[in-house]
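Tertiary structure, described
Now for the letters of each chain:
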Amino acid sequence: MDKGMVKLQFAVFALVSASFTNVYLTQPILPVLQAEFGVSTVQVSITVSAVILGIVLSNLFFGFLSDRFPIQPIILTGGILVAAAGIYAGLTHDFHHLVGARLMQGLFLPALTTSLAAWLAKTLPSERLSVVMGSYVSATVLGGLGGRLLGGWIHPPLHWRYAFFSAAALILLTTIAALIVLPRKAVREQSTANTSTTFSSLIRRKDLLLIYCCGGGAFLMFSPVFNFLPYRLAGPPFHFPTELITLIYLVYVLGIFLGPIAGQMSNRFGGGTALIGGTCILGLSHLTLLLPSVIAIVLGLLGVCAGFFTIHAVAVGLLNKKLAGGHGKANALYVLFYYAGGWLGITGAGFAFQRNGWHGVVFFVMCFLLVPLTTGIIEYRALRTQARSAPDQFHSL
């Protein structure tokens, strides 16, 4: 691998990691923010869901911009505004201003993530794209973990506000690095299939719509668990301090390794079988989280990560296998459904938690197990039908 490729891979990894660090920054300190601002559980959870809502609202727009304009001005604008909103969030003493700053971060994070992914897809040759996008996926997992650790571990010795300042500094540094490293000209042109495919034509395909809903449903069941975990562990019978609650989030690192494993499972047993297996693991793990035991919580969280990342990785793989063109637009739609599911999950689970506590959150998310399960069953049947028809087609030749 040449030096230019290594620099590009590192720049992409650093920028995407720093970007996703901002998404879950307040998650481990929700009880702290609730006490400081004097707001309800549902209100304080908006400090996370507002970022996700912003991503949902602007994701397709930045995907559109990246197809028509150079990437450097888009990244520069996104980096400056995300960092500025983070600094403002760290300075403000008004809860509504905090939520507004978080929404602003979400609106411009796709300038650093979605637009970058779309630009890479149309710029790099295919043999290099797979390598760089592997770094991209790992960076999303590491960034999600890093934000939780940053928010939870900086608060006790200093203050939660310093976590925002640190994240803003990371965004600015990685933005500058990306602007220096990213090549100015495309290596290859977009194919005709990519330019002729529209968002409406993709959304009308039932097989793709199922996968979009599968990804959104999986994130809907995953995000509330980690969002309301601090309340579960800070209350009886655990009474964990913020530092120990944050340590539990290390189970999230499992996702870095599960992506490739899930891909191998999908290739060996079929995507439908892998989705069904991942859904079953997710459901059983949710039930395990109801037990009043630290061991059960850790095992349940490991299972939730295993089930979720399996469904997520397999769904993305199935999506791209079904496409002849328009990969950028199709993946942008997947991201839209994915984060819309996360926003709906956190918002809905907030009301469930307010009414029935941790049990309400768990039973709320389990209501959506049918979504990936149905997708898995349909994919399994389609594969079986294809396998049965293959010998007939061979004999008819």
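Residues numbered from 1 in each chain as written. Predicted model: local features only at pLDDT ≥ 70, side-chain atom pairs only at ≥ 80, totals over all residues. Heavy atoms only, no water.

**Brief notes about the packing of aromatic side chains**
- Enumeration over the complete set of coordinates arrives at 24 aromatic pairs.
- Centre to centre, the rings of phenylalanine 219 and tyrosine 339 are 5.7 Å apart; their planes meet at 85°, and the pair counts as edge-to-face. You can see phenylalanine 219 sitting in helix H11 (residues 206–227) and its partner tyrosine 339 sitting in helix H17 (residues 327–366), a full 120 residues away along the chain.
- Classification of phenylalanine 219 as buried rests on a relative accessible area of 1%. (Phe/Tyr/Trp six-rings, centres within 6.5 Å; stacked < 30°, edge-to-face > 60°. Helix = DSSP H or I, 4+ residues; strand = E, 2+ residues; numbered from the N terminus. Buried < 20%, exposed > 50% of the residue type's maximum accessible area, 1.4 Å probe, protein only.)

**A look at the nonpolar core**
- Counting residues in hydrophobic clusters, the biggest one holds 107 residues, and the most contacted among them are Leu116, Phe222, Phe226 and Leu301.
- No other element matches the 14 residues that H17 contributes to this core. (Core = buried A, V, L, I, M, F, W, Y, C linked by side-chain atoms within 4.5 Å.)

**Quick notes on the pattern of salt bridges**
- With the rule as written, the count across this model stands at 3 salt bridges.
- With a closest N to O distance of 3.3 Å, glutamate 36 and arginine 161 form a salt bridge. One end of the pair, glutamate 36, is in helix H2 (residues 30–37); the other, arginine 161, is in helix H8 (residues 160–181), with 125 residues separating them in the sequence.
- Given the relative accessible area of 38%, glutamate 36 is considered partly exposed.
- Between lysine 322 and glutamate 379 there is a salt bridge whose closest N-O contact spans 3.1 Å. In this pair, lysine 322 sits in the loop between helix H16 (294–321) and H17 while glutamate 379 sits in helix H18 (residues 370–396), placing the two residues 57 residues apart along the sequence.
- Residue lysine 322 is classed as partly exposed on the basis of its relative accessible area, which comes to 25%.
- Overall, glutamate 379 belongs to the buried group, its relative accessible area being 12%. (Salt bridge = Lys/Arg side-chain N within 4 Å of Asp/Glu carboxyl O.)

**A short note on helix H15 (residues 271–288)**
- With 18 residues, H15 ought to run about 26 Å at 1.5 Å a step, and its terminal C-alpha atoms sit 26 Å apart, in line with that.
- Regarding H15, the residues found buried are Gly271, Gly272, Ala274, Leu275, Gly278, Thr279, Leu282, Gly283, Ser285 and His286. Axial view of H15: buried residues confined to an arc of 165°, hence all on one face. (Expected span 1.5 Å × (residues − 1). Arc of directions from axis to C-beta.)

**Quick notes on the packing of H2 against helix H3 (residues 41–68)**
- Packing of H2 against H3 leaves a shortest axis separation of 9 Å and a crossing angle of 120°. Of the possible angle classes, the one that applies to H2 and H3 is oblique. By crossing handedness, the relation of H2 to H3 is classed as right-handed. Only Thr41, Val44, Ser45, Thr47 and Val48 of H3 make contact with H2, whose side of the interface consists of Leu30, Leu33 and Gln34.
- Counted by class, the contact of H2 with H3 contains 4 nonpolar, 4 polar and no charged residues. (Axes fitted to C-alpha atoms, helices over the stretch in contact; angles between N-to-C directions. Parallel < 35°, antiparallel > 145°, perpendicular 65-115°, else oblique. Left-handed = near helix turned anticlockwise from the far one by under 90°. Contact = heavy atoms within 4.5 Å. Nonpolar A, V, L, I, M, F, W, Y, C, P; charged D, E, K, R; others polar.)

**Digging into the confidence of the model for the chain**
- Residues with a pLDDT of 70 or more make up 88% of the chain, whose mean pLDDT is 86.
- Averaged pLDDT values for the elements of the chain fall to 54 in helix H9 (residues 192–196) and rise to 97 in helix H5 (residues 95–108). (pLDDT = per-residue confidence, 0-100.)

**Brief notes about a nonpolar patch on the surface**
- Taken together, the side chains of Val253, Phe257, Ile261, Met265 and Phe269 make up a nonpolar region of the molecular surface, amounting to roughly 450 Å² of accessible area.
- One can find methionine 265 in helix H14 (residues 254–269). (Patch = residues over 30% accessible without salt bridge, like charges linked within 9 Å, V, L, I, M, F, W, Y side chains within 5 Å. Areas by Shrake-Rupley, 256 points an atom, 1.4 Å probe, with all protein chains shown as cover.)

**Notes on the packing of H11 against H16**
- Two numbers describe how H11 lies on H16: the axes approach to 9 Å, and their chain directions differ by 160°. Overall, the two elements H11 and H16 adopt an arrangement that is roughly antiparallel. Relative to H16, the crossing made by H11 is left-handed. Here Leu208, Ile211, Tyr212, Cys214, Ala218, Phe219, Phe222, Val225 and Phe226 of H11 come into contact with H16, specifically with Leu301, Val304, Cys305, Phe308, Phe309, Ile311, Ala315, Leu318 and Leu319.
- Of the residues contributing to the contact of H11 with H16, the split by class is 18 nonpolar, no polar and no charged.

**A few points about the environment of threonine 175**
- Looking at where threonine 175 falls in the secondary structure, it is placed in helix H8.
- Overall, the relative accessible area of 4% leaves threonine 175 in the buried class.
- Remark: the alpha-carbon pair of threonine 175 and glutamine 72, spanning 103 residues in sequence, is separated by 9.5 Å.

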